[in-house]
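Given next are the chains, with one letter for each unit.
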Amino acid sequence: MTMVCHRPEGLEQLEAQTNFSKQELQILYRGFKNECPSGVVNEETFKHIYAQFFPHGDASMYAHYLFNAFDTTNNGSIKFKDFVVGLSTLLRGTLREKLEWTFHLYDINRDGYINREEMTEIVRAIYDMMGKYTYPALKGDVPQQHVDAFFQKMDKNKDGVVTMEEFIIACQEDENMMRSMQLFENVM
């Protein structure tokens, strides 16, 4: 059985599509190829890599949602280009780009809205990922309380779903959200 390798687009093209320098792209590519010699990551490999960052919890569901957000072509794999374009948005994008990317992460069924079921799944996945170090300690109704608070703050017209515009406006009005968006700005 031969392994099919994927070579990414030229560095110049990726440099133009992202907010990374040629040198940063080379470093990222070496790390990507080290973890994924074929140049493509499937969901199981992604989950395995992601789980290493959360050894005290179960990151599999959150990694599933994150994988789907990076897999913009919906083909069950992430190529280097998919990875660096998403990473560029998260680390170096404008505030609006970061919020749009986050909205797409939470919009699990990709219908353009975040509903209560989707938000509940995301919140549960985050609690599972954090494991025993979750604060406050997970009790049965804590995820639902977070979802209720999310909808109280985000669903401006009270129609039961959160649109991208509602999400962006509410996040921009929330100091904690703005601080969390700035956390990744100096990662690389």
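Residues numbered from 1 in each chain as written. Predicted model: local features only at pLDDT ≥ 70, side-chain atom pairs only at ≥ 80, totals over all residues. Heavy atoms only, no water.

Concerning the side chain of Lys47
Within the fold, Lys47 resides in helix α3 (residues 43–51). Ignoring anything within four residues of it in the chain, the contact list for Lys47 reads Ser60, Ala63 and His64. (Helix = DSSP H or I, 4+ residues; strand = E, 2+ residues; numbered from the N terminus. Contact = heavy atoms within 4.5 Å.)

Quick notes on the UniProt feature "domain: EF-hand" (unreviewed entry) in the protein
In this structure's numbering, the residues bearing the UniProt feature "domain: EF-hand" (unreviewed entry) are residues 58–93, 94–129 and 142–177. Summarising residues 58–93: 67% helix, 8% strand, and an end-to-end C-alpha distance of 29 Å. A helix fraction of 72% and a strand fraction of 8% characterise residues 94–129, whose end C-alpha atoms lie 27 Å from each other. (UniProt positions renumbered as here; feature names shortened; annotations may be inferred.)

Some remarks on the pattern of salt bridges
Under the defined criterion, the tally for this structure stands at ten salt bridges. For Glu173, the salt bridge goes to Lys156, with nearest N and O atoms at 3.2 Å. A residue pair is termed long-range when its members are at least 10 positions apart, and Glu173 in the loop between α9 (164–172) and α10 (175–182) and Lys156 in the loop between α8 (142–154) and β4 (161–163) qualify at 17 residues. A relative accessible area of 43% places Lys156 in the partly exposed class. Among the ionic pairs, Arg179 bridges to Glu175, the shortest N-O distance being 3.9 Å. Linking Arg179 with Glu175, this pair stays in helix α10, spanning four residues, or about one helical turn. Judged by relative accessible area, which is 46%, Arg179 ranks as partly exposed. When salt bridges with common partners are traced through the structure, they connect Glu43, Glu44 and Lys47 into a single cluster. (Salt bridge = Lys/Arg side-chain N within 4 Å of Asp/Glu carboxyl O. Buried < 20%, exposed > 50% of the residue type's maximum accessible area, 1.4 Å probe, protein only.)

Examining the packing of α3 against helix α4 (residues 60–70)
In a pair of packed helices, the angle between the axes and the distance between the axes together describe the arrangement. In contact at an axis separation of 9 Å, α3 and α4 are set at 125° when each is read in the N-to-C sense. Judged by the inter-axis angle, α3 sits oblique to α4. The hand of the α3/α4 crossing is right-handed. Together, Glu43, Phe46, Lys47 and Tyr50 of α3 and Ser60, Tyr62, Ala63, His64, Leu66, Phe67 and Phe70 of α4 make up the contact between the two elements. Considered class by class, the residues forming the contact of α3 with α4 number seven nonpolar, two polar and two charged. (Axes fitted to C-alpha atoms, helices over the stretch in contact; angles between N-to-C directions. Parallel < 35°, antiparallel > 145°, perpendicular 65-115°, else oblique. Left-handed = near helix turned anticlockwise from the far one by under 90°. Nonpolar A, V, L, I, M, F, W, Y, C, P; charged D, E, K, R; others polar.)

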